[in-house]
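# Residue-level structure breakdown
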Amino acid sequence: MIKFLLQGLLRDKSRSHLPIMVVAVGVMLSVFMHAYITGIMNDTIEMNAAFSYGHVKVLTKGYADNMSQFPNDMALDNTDVLVANLKKQLPNIEWVERIQFGGLIDVPNDKGETVAQGPVIGIGIDLFGKETTETKRLRIHESMVEGRMPSKPSEILVSNDFAKKLGIQMGNTVTLMASTMYGGMAYQNFVVVGTVSFGVQVLDRGTIIADIQDVRDALDMDNASGEILGFFSQGYYSDKEADKAKSIFYAQQDNVSIQDEFTPILLTFREQGDMGTFVDLSHSMGAIITFVFIIAMSIVLWNAGLLGGIRRYGEFGVRLAMGETKHHVFASLLYESFFVGIIGSIIGTAFGLLFAWLLQEYGLDMSDEMKGSSMMMPTVLKARITMADYYIGFIPGIFSTLLGAALAGIGIYKRKTSQLFKELEA
Amino acid sequence: MNNDIIINIQQLVKRFPIGKGEFTALKGITTSFRKGEFAGLIGPSGSGKTTLLNIIGSLDMPSEGEVTVLDVSVGSLTAKQAALLRKEKLGFIFQSYNLLQVHTVFENVEFPLLLLHYNASERKKMVMEALDWVGLTDKAQSKPSQLSGGECQRVAIARAMVKKPVLVLADEPTANLDATNSHTILRTMEKLNKELQTTFIFATHDEKVISYLHRKVFLDDGYIVKDEWVKND
Ligand SMILES: Nc1ncnc2c1ncn2[C@@H]1O[C@H](COP(=O)(O)OP(=O)(O)OP(=O)(O)O)[C@@H](O)[C@H]1O
Ligand SMILES: [Mg+2]
């Protein structure tokens, strides 16, 4: 009997080829979309983590309360000890110190007269450390537009757009005006040796990147850091790792008796900004895509099934006349569609993975299309194939064929047996 | 011919709902058929031939009255029991053959045997025997689309006969056939009727079919108007 059904299925192209193609295309799109959106979301998460939030971040409670204003008067003190402790406590996390600050850049002429001025956001990172991972993390080499990397103290990078606006040439000395950790005014000269463009407007509007030691000197932040960012050795953010880190971090802090606004706290990526919503969204993406494709494909297959089914009422009539039950005919329809669903899903998953892989390996440069974006999003779109992509397509693939066939097959029950013949005799 | 009654119909009424009202297609039919009959329901279009045949074949249910086929009451059968009756005891032949187009002649004839769970070698033997009855052993691997109308109807006869049913119901089996083919398939059925004692009931208004019948049951407007025995051997 199964052989009989399969023979019918394989020989009747409208019964197998079309539905298999529909399923394959739908599954391919679901798999590809899933990998693609996972890629975008993960890249976005990683980019935000790299530039601002870390996978986890250690900072003072007071700093955390006004994080967006970089309140360096609330910065962490004695960070050499703190970092050493963190490294011991949580060795699977890479810890890097950062100072972010706001200020004004003054571009003087040869005589020291101001030619141009503009507000900047500064990031002090470890630029010169022998084993620094920061330049790679921030993709500074890839983002260079002009000039070269800073190679000694007092050399900085500025956003390319900002440099153009202010007429800064490579080698120019500029003056940073900012407030020190203690609230005084800070003036520090820097030499601009290169420009960068990250392709993200928030970063390209006016950012300077300096070595953290230079920033400490400028802002009177000896052995202090605004933030200590932690990055997981697995290379990507996960709530599980973050929660683990958090509990280990606080387990030790229980011993500390005085807790005030200078007490270091640990924030996970999702606890900062709107990142929690974003992480949640990235998790539900698979479910959302699967759901959308189940609905869409079911409707297509239902209609295909209806057409095929009506065409087949004659066949059903004969089979019923020969003594098959309606249940059996209906079940055989479901078997057929299950088979179609499996085959279509396999083909679709293969193609979906192939296209996702191409996008994962080669990426799609969208920097022109994304000009002016205010969200920190990567400009090179890359898919990311995860385990889920190997099976996620089967859910809409099989579910929608079954649903489509079931809906179309209800006609068998709705019609009287003798009526099925009427339609076939006509 | 023996006198076993295999179909007994008492005061059969069949009504169909039409819109809000209903239409009475059979208005009180009482008759019976015995094993081995070669009988026909004859009458003008709309007289109720197909309706009566469908009820005998348990494809449709009586509205009133009692219809007993092979000792079971059609009116009280569940869908499953009706399917079982059809599967084991009945064969159908239709005006438009209704062969499964994607399957070969062999597979079409084999299908009823699949439902009855015969094993492969039994099936092969029985299918080839049935194709032999209708003279189509050489077409076993053909598709219905490669056959003439007459050949298709002979395949349909083989399919109806392969399980050696007690009763074969044939609704206008010659309507799509020319005279030569009509006579061929009628002679085939006549032969099977004699050799296997299979009961045949036709619904027809084709003179060629009528000339072969041993019994003619005339229907008009839902009533039996005449019941005539032609030959009695
Ligand atoms: N499902 C149905 N619903 C409503 N009316 C029906 C239905 N089936 C049959 N009828 C009506 O019952 C009457 C008898 O129909 P039936 O098909 O038995 O006629 P018939 O004698 O086989 O005619 P023909 O020679 O044209 O095949 C017809 O008037 C037909 O319109
Ligand atoms: Mg009829």
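Residues numbered from 1 in each chain as written. Chains lettered and ligands numbered in written order. Predicted model: local features only at pLDDT ≥ 70, side-chain atom pairs only at ≥ 80, totals over all residues. Heavy atoms only, no water.

## Some details on the pattern of salt bridges
Close approach of charged atoms lets side chains of opposite charge pair. The full count for this structure, using the stated rule, is 28 salt bridges over all chains. Between E107 of chain B and R11 of chain A there is a salt bridge whose closest N-O contact spans 2.6 Å. Within this pair, whereas E107 of chain B is found in helix α3 (residues 105–115), its partner R11 of chain A is found in helix α1 (residues 2–11), the two belonging to separate chains. Its relative accessible area of 9% is what places E107 of chain B among the buried residues. Residue class for R11 of chain A comes out partly exposed when judged on its relative accessible area of 32%. A salt bridge links R270 of chain A to D239 of chain A, with the nearest nitrogen and oxygen atoms 2.7 Å apart. (Salt bridge = Lys/Arg side-chain N within 4 Å of Asp/Glu carboxyl O. Helix = DSSP H or I, 4+ residues; strand = E, 2+ residues; numbered from the N terminus. Buried < 20%, exposed > 50% of the residue type's maximum accessible area, 1.4 Å probe, protein only.)

## Digging into the domain arrangement of chain A
The assigned domain composition of chain A is domain 1 (2–47 + 278–425) and domain 2 (56–236). Centre-to-centre separation of domain 1 of chain A and domain 2 of chain A, based on C-alpha positions: 50 Å. (Domains from an automatic or database assignment.)

## Thoughts on the interface of chain A and chain B
Quite often, the size of an interface is put as the accessible area lost when its parts meet. Between chain A and chain B, the contact holds 22 residues from the first and 24 residues from the second. Summed over both partners, the interface of chain A with chain B buries about 2,200 Å², with 65% contributed by carbon and sulfur atoms. On inspection of chain A and its partner chain B, the count reaches one salt bridge. Along the contact surface separating chain A from chain B lie four residue pairs in polar contact (both at pLDDT 80 or more). Put simply, the parts of the chain that give the side of chain A that touches chain B at least two residues each are α1, α11 (275–321) and α15 (417–425) of chain A. (Contact = heavy atoms within 4.5 Å. Buried area = accessible area lost by both parts, 1.4 Å probe. Polar contact = N/O pair within 3.5 Å; in protein donor to acceptor, adjacent residues only side chain to side chain.)

## Here's the deal with the sheet that holds strand β9 (residues 215–220) of chain B
All names here are of chain B. As summarised here, the arrangement of the six strands in space is β6-β7-β8-β3-β9-β10, forming an open sheet in which the pairing is mixed. Two strands close off the open sheet at either side, each with one partner strand: β6 (90–93) and β10 (223–229). On average, adjacent strands in this sheet sit at an angle of 15 degrees to one another, irrespective of strand direction. One ladder, built from four bridges, connects strand β3 (residues 38–42) with β9; its direction is parallel. (Pairing = 2+ DSSP bridges. Axes fitted to C-alpha atoms, helices over the stretch in contact; angles between N-to-C directions.)

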